[in-house]
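For reference, the chains in residue letters:
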Amino acid sequence: MTALRWGSATDVGRVRQNNEDNLVVASPLFAVADGMGGHAAGEVASQIAVNRLEAAFAEHATIDGLVDAVRAANRAVYDQGRDQPDHRGMGTTLTAAALVEVDGDEQLAVVNVGDSRGYLLRDGELSQITEDHSLVEEMVRSGQLSAEEAQVHPRRNVVTRVLGIEPDVDVDVFPVVPFRGDRILLASDGLFNEVTDAQIASTLRRLADADEAARELVKLARDHGGNDNITVIVIDVVDDDDRAIAASSALAGEPRAARTTTKRPLLGQGDSATGGATAAAEPTPSIAIGPTRSRITGRAVLFTLAVVLVLAGAVVAIGVYARASYYVGPRGAVVAIYKGRPGGLLWFEPTLHERTSLPIADVPPVNRADVAAGKEEASLAAARTYVANLQSAAAKLRDAGAAAPAPVPVPVPPPTAP
Ligand code: MG
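Throughout what follows, the structure given in this document is the object of discussion. Given the structure is predicted, the values throughout are model-derived calculations rather than measurements.

## Details of the overall build of the protein chain
In terms of helices and strands, the protein chain carries 13 helices and 16 strands. Residues counted as buried form 47% of the 418 residues belonging to the protein chain. The contacts in the protein chain between residues at least 6 apart in sequence include a share of 70% that link residues at least 24 apart. Only carbon and sulfur atoms are counted for the fraction: they give 56% of the accessible area of the protein chain, which is about 19,400 Å².

Rendered as structure tokens:
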């Protein structure tokens, strides 16, 4: 079992009258929602969203289950906004993290709609997991603004995607393989609009206790202006089922039984959210696997639907077969997951399902031919696992390269006197 500890804090800030943020702290599910809308509708929207998310998320859920729970939350906010005149047009961001099962293993899936954020602190380095659905971030991504300009842009609060505006919503998904010592941060923009990433990182490195870290981040945001509501959740991976040790052992070629000598007692899940004694994380074997970025959209579904409607009978059967599987193959300079079969079947071409962050150049030599030809997998989850394994192997190779001993100088016999 992957075991977590967590802490959280929320504050109205120093300017607003109401706290329109809401949060879920219900391990293994965590979420931050930042509501918007007049007449206190923002509060209503974020409250409905977190309630529905929590109700819809089943324990041991899959990534798809988590995405469905977010879509159910969207629908609940949308329905309320449609039916209640006071709540018309209300919406909310939603950034959630949950432990989910992927082919018998566990992943921390981070999902996002809007401009609240998920971050990962790993080996002391902070990286943003999610991408903001905001006007300024889209301008940064298209090169029209610098990150520094975005930070102070007058329209930085304009979001381009939120829950509650349309009956359905696209949900971004970022699976993270959890390793002991990892720290996930979920936050509303009241934090990172006031506090720099460097300040966030140093606070997360300094305070080992998750609850203390969460409270300190909220205090920092207040001290820097507190212009908005501030909500922070800090989630620590305190046991990873020896995933990191197993990976190191495999790298070193040790027998798998060696794990038992290093296995530590499993820490209980559900330690106090109000500050149990969280031991400082022990050094984790250095395995730098970045989160795989992916996006589940309705477009692939609509496309498939259109194909099915146009073609009939036997064509449907062929189509179903042709599209039933996924494969991992190259897309430009990175590895991607395609839906369909390599090279297509009859007139059914494979479609790009998601790009990953793994560069083709980092694919281990032993797997390169497979990836180049298109490595078929029976399901999306299996394809993602294959990519996760490639990333893991690539990281091991990198680490092994870095740790390779320097060549031993060969002693040269002294020149003999003529
Ligand atoms: Mg806000």
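## Details of the nonpolar core
By size, the foremost hydrophobic cluster in this structure holds 33 residues, and its most contacted members are Leu53, Phe57, Val70, Leu94, Val111 and Leu163. Secondary structure elements with two or more residues in this core: strand E3 (29-36), helix H1 (41-56), helix H2 (63-83), strand E5 (94-102), strand E6 (105-113) and strand E9 (171-176). Top contributing element to this core by residue count: H2, with eight residues. If sequence neighbours within four positions are ignored, Leu163 has contacts with Ala49, Val70, Ala73, Asn74, Val77, Met90, Gly91, Thr92, Leu94, Val113 and Val169. The next biggest cluster of nonpolar side chains, apart from the first, holds 21 residues, and it includes Val195, Ala213, Ala214 and Val232.

## Looking at H2
The end-to-end C-alpha distance of H2 is 30 Å, a good match for the 30 Å that 21 residues give at a rise of 1.5 Å each. Taken as a whole, H2 has its buried residues at Ile63, Leu66, Val67, Ala69, Val70, Ala72, Ala73, Asn74, Ala76, Val77, Tyr78 and Gly81.

## Remarks on the coordination of the magnesium ion
Taken together, the protein donors to the magnesium ion comprise Asp34 (OD), Asp189 (OD) and Asp228 (OD), at separations of 2.1 to 2.3 Å. Each donor residue of the magnesium ion lies on the same chain, and together they follow the pattern D-x154-D-x38-D. In this pair, Asp189 sits in helix H5 (residues 189-192) while Asp228 sits in the loop between helix H7 (210-223) and strand E11 (230-240), placing the two residues 39 residues apart along the sequence. On the basis of relative accessibility, which here comes to 5%, the residue Asp189 falls in the buried class. Asp228 gets classed as buried once you look at its relative accessible area, which sits at 13%.

## A few points about H7
The end-to-end C-alpha distance of H7 is 20 Å, a good match for the 20 Å that 14 residues give at a rise of 1.5 Å each. Taken together, the buried positions of H7 are Ala210, Asp211, Ala213, Ala214, Leu217, Val218, Leu220 and Ala221. Where the residues of H7 are buried, they touch strand E1 (2-11), strand E10 (183-187), H5, helix H6 (197-206) and E11. Between a side-chain oxygen at the N-terminus of H7 and the backbone nitrogen of Asp211 the separation is 3.0 Å; the capping residue is Asp209.

## Side note on the sheet that holds strand E14 (residues 334-339)
Spatially, four strands are ordered E15-E14-E13-E16 in an open sheet, and the strand pairing comes out antiparallel. Each of the sheet's edge strands pairs with one partner strand only, and the pair in question is strand E15 (351-359) and strand E16 (375-377). When strand polarity is set aside, the average angle formed by the axes of neighbouring strands in this sheet is 30 degrees. Where E14 and E15 come together, five bridges link them in antiparallel fashion. Bridge pairing links Tyr338 to Leu352 in E15. Each of strand E13 (326-331), E14 and E16 touches helix H12 (residues 365-373); the most contacted strand, E13, lies at about 100 degrees to it.

## Side note on the side chain of Lys396
Along the polypeptide, Lys396 turns up in helix H13 (residues 380-403). Ignoring anything within four residues of it in the chain, the contact list for Lys396 reads Ala247, Ala250 and Leu251.

## Considerations on the pairing of E9
Counting buried residues in E9 gives six out of six residues, a clear majority hidden from the surface. Neither face of E9 is exposed, since Val171, Val173 and Pro175 on one face and Asp172, Phe174 and Val176 on the opposite face are all buried. The sheet contact formed by E6 and E9 spans five bridges and is antiparallel. Within the sheet, the bridge partner assigned to Ala109 lies in E9 and is Pro175.

## Overview of the environment of Tyr327
Locating Tyr327 in the fold gives a position in strand E13. Here Tyr327 is in contact with Ala336, Ile337, Tyr338, Gly340, Arg341, Pro342, Gly343, Pro350, Gly374, Lys375, Glu376 and Glu377, once residues within four sequence places are set aside.

## Some remarks on the pairing of strand E8 (residues 125-128)
In this structure, strand E7 (residues 117-122) lies alongside E8, joined through four bridges in antiparallel fashion. Considered in E8, the bridge of Leu120 is made with Ser127. Here E7 folds back onto E8 in antiparallel fashion, the turn holding two residues, of which Asp123 has a positive phi close to 50 degrees.

## Topic: unusual backbone geometry
Cis geometry marks the peptide bond from Ser27 to Pro28; its omega dihedral reads 15 degrees. You can see Pro28 is positioned in the loop between strand E2 (21-26) and E3. In this model, Asp123 sits at a positive phi of 50 degrees, which is unusual for a non-glycine residue. When you line up the elements, Asp123 lands in the loop between E7 and E8. The partly exposed category is assigned to Asp123, whose relative accessible area is 45%.

## Topic: the packing of aromatic side chains
In this description, a pair of aromatic rings is defined by centroid distance and the angle of the planes. Counting across every chain of the model gives three aromatic pairs. Seen in terms of ring centroids, Tyr327 and Tyr338 are 5.0 Å apart; in terms of plane orientation they differ by 10 degrees. Their pairing is stacked. Note that Tyr327 is positioned in strand E13 and Tyr338 in strand E14, a separation of eleven residues in sequence. For Arg117, the ring lying beneath its charged end belongs to Phe192, and the centroid distance is 3.9 Å. Positioned above the aromatic ring of Tyr386, the side-chain terminus of Lys375 is 5.2 Å from the ring centre.

Analysis parameters
- Residues numbered from 1 in each chain as written.
- Predicted model: local features only at pLDDT ≥ 70, side-chain atom pairs only at ≥ 80, totals over all residues.
- Heavy atoms only, no water.
- Helix = DSSP H or I, 4+ residues; strand = E, 2+ residues; numbered from the N terminus.
- Buried < 20%, exposed > 50% of the residue type's maximum accessible area, 1.4 Å probe, protein only.
- Contact = heavy atoms within 4.5 Å.
- Areas by Shrake-Rupley, 256 points an atom, 1.4 Å probe, with all protein chains shown as cover.
- Core = buried A, V, L, I, M, F, W, Y, C linked by side-chain atoms within 4.5 Å.
- Expected span 1.5 Å × (residues − 1).
- Donors = N, O, S within 2.8 Å, 3.2 Å for Na, K, Ca; no water.
- Polar contact = N/O pair within 3.5 Å; in protein donor to acceptor, adjacent residues only side chain to side chain.
- Pairing = 2+ DSSP bridges.
- Axes fitted to C-alpha atoms, helices over the stretch in contact; angles between N-to-C directions.
- Phe/Tyr/Trp six-rings, centres within 6.5 Å; stacked < 30°, edge-to-face > 60°.
- Lys NZ or Arg CZ within 6 Å of the ring centre and 35° of its normal.

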